[in-house]
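# Chain and residue survey
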Amino acid sequence: MKKNILILNCGSSSVKYELMDMDNSGIVASGFIERVGMEDAVIHHHYRCGDGYSDIKTSKSIPRHREAIEFIMNLLMDDEIGVIEDIKDIYGIGHRVVHGGEKHIESAYITGEVKQDIKDCIDLAPLHNPHNLTGIEACEKLIPDHHQVAVFDTAFHQTIPRHTYIYALPYEAYSKYGIRKYGFHGTSHQYVASRAAEMLGKPLEKLKIISCHLGNGASACAVKEGKSIDTSMGFTPLSGLVMGTRCGDIDPAVLLYLMNKEAFSAHEMSVIINRHSGLFGISGVSRDFREILEQAKEGHDRSQLAIDIFAYRIKKYIGSYAAAMNGLDVLVFTAGIGENSVELRDMVCSEMEYLGIDLDRKRNEKYTGTEGIISAADSKVTVMTLPTDEEFMIARETLRIIGELKNV
Ligand code: AMP
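A short tour of the structure in this document, coming up.

### Let's talk about the layout of surface pockets
Its boundaries defined by the atoms lining it, the second largest pocket holds a volume of some 750 Å³. Along its surface, the second largest pocket is lined by 22 residues, and Tyr167, Phe235, Thr236, Ser239 and Pro252 are the ones closest to its centre. Per-class residue counts for the lining of the second largest pocket are 14 nonpolar, six polar and two charged.

### Points about the packing of helix H7 (residues 253-262) against helix H8 (residues 266-275)
In a packed pair of helices, the relevant descriptors are the angle between the two axes and the axis-to-axis distance. Relative orientation of the contacting elements H7 and H8 amounts to 125 degrees, with a least axis distance of 11 Å. Here H7 lies oblique to H8, going by the angle between them. For H7 against H8, the interelement crossing comes out right-handed. Between H7 and H8, the contacting residues are Leu255, Leu258 and Met259 on the first element and Ala266, Met269 and Ile273 on the second.

### A few points about the sheet that holds strand S2 (residues 15-21)
A sheet is described by the order of its strands in space; here eight strands give the open sequence S5-S4-S3-S2-S1-S6-S8-S7, paired in mixed fashion. With one partner strand each, in any of the chains shown, strand S5 (52-60) and strand S7 (108-109) form the two edges of the open sheet. Pairing analysis gives five bridges linking strand S1 (residues 4-10) to strand S6 (residues 90-97), with the strands arranged parallel. Within the sheet, the bridge partner assigned to Ile7 lies in S6 and is Gly94. Of the strands in this sheet, S1, S2, strand S3 (26-34), strand S4 (41-49), S5 and S6 are in contact with helix H1 (residues 65-76), which crosses S2 at around 30 degrees.

### With respect to the packing of aromatic side chains
Applying the stated criterion across every chain yields a total of six aromatic pairs. Consider the rings of Tyr171 and Tyr174, whose centres lie 5.6 Å apart with planes at 70 degrees: the pair is edge-to-face. For the pair Tyr317 and Tyr321, a centre-to-centre distance of 5.6 Å together with 70 degrees between the ring planes defines the contact as edge-to-face. Linking Tyr317 with Tyr321, this pair stays in helix H11 (residues 301-325), spanning four residues, or about one helical turn. Assigned by exposure class, Tyr317 and Tyr321 land together as buried. Aromatic rings pair up to connect Tyr165, Tyr171 and Tyr174 into one cluster. The aromatic ring of Tyr91 is capped on one face by Lys3, whose charged end is 5.2 Å from the ring centroid.

Calculation criteria
Residues numbered from 1 in each chain as written. Predicted model: local features only at pLDDT ≥ 70, side-chain atom pairs only at ≥ 80, totals over all residues. Heavy atoms only, no water. 1 Å grid on protein atoms, 1.4 Å probe; cavity = no way out; pocket = protein on both sides within 12 Å on 5 of 7 lines; lining within 4 Å. Points joined across faces, edges and corners; volume = space filled by probe spheres on them. Nonpolar A, V, L, I, M, F, W, Y, C, P; charged D, E, K, R; others polar. Axes fitted to C-alpha atoms, helices over the stretch in contact; angles between N-to-C directions. Helix = DSSP H or I, 4+ residues; strand = E, 2+ residues; numbered from the N terminus. Parallel < 35°, antiparallel > 145°, perpendicular 65-115°, else oblique. Left-handed = near helix turned anticlockwise from the far one by under 90°. Contact = heavy atoms within 4.5 Å. Pairing = 2+ DSSP bridges. Phe/Tyr/Trp six-rings, centres within 6.5 Å; stacked < 30°, edge-to-face > 60°. Buried < 20%, exposed > 50% of the residue type's maximum accessible area, 1.4 Å probe, protein only. Lys NZ or Arg CZ within 6 Å of the ring centre and 35° of its normal.

Right, here's the structure in full:
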């Protein structure tokens, strides 16, 4: 039987998908549907065709996630451009689910109970969990006999110790409302940590790794002996590093002060810290790092300031996580900015000799968007760039969970 895994990531008005052939880790087809719920939803489909790949873009009315997933299935099995012959050629479906709360410390086979758990976490991830669940239920209706697995963004961080995840608030905030650090981007941090160990030919269990996922959303993670022991995102994906439009760490009293001064409602304040802050808020130009870099090169002062604050925050987290792990073996840069920005990696790694970080400038310039070691040969800490692959991780987890189920 073919080991094709369909990976689904359902957002409020979008569905991203990838069909991966796990026998040779190859992408068979991938794409995304935007504007789900509209008359003019847009579908971008990329599919294997002969020895290469082809793309199509089309638009049609897609009222709900269910119709979106149905359309994807039909594309995959299409007479002309299809990549599989039968729905049975899909071995299992892996869903990206943002929040699994404290209960889900690893990926889970989807049952009625697991769906209820996802529902119970809606309060903690109102922008994501409802849509993740809609995708699961749509698949249940469309292909009820297929195995489905939930891969949680929070699960990898469930190994963070109690003294790290509890906030210094009255303890009831945790016991009554579950307010604690959960962390996100877990699938990405887990992937890059294990891939880094694989590339270095060293056991993950023997390494102290800091993974910096630097994209529109950004977080750092301390991975000791293969386990997440701290991460910069917290109760929500707002804390920690500076992001495209999110503020990251700030003094919480600033919110109270601004709400008082400007008579902002809680909602207005939330919009400011989530959508009007970060690189965009500081630069006043863009949330896109490339544009900010260009502006800074042309002398735009606030763009340079945004870059300086962004890099400084990352540097501080690296220092604190090296302290938390009592050392550092590997520093990994991933996601859009981390994989591609030579300038940013250079800024973060400069004046870090005390930690044993010695960046090789030529190697740093050589590796953009690809896997590579960018530290000097004798650097105590190995610095790497490593494109993240959350879809592969979800597919691998889906295969593992289905495999375990079949062995029982
Ligand atoms: P992601 O969320 O992982 O897709 O990352 C998006 C971010 O990566 C945006 O801020 C982009 O400007 C940034 N990015 C992508 N390519 C580059 C590049 N070549 N140099 C600098 N930043 C980049």
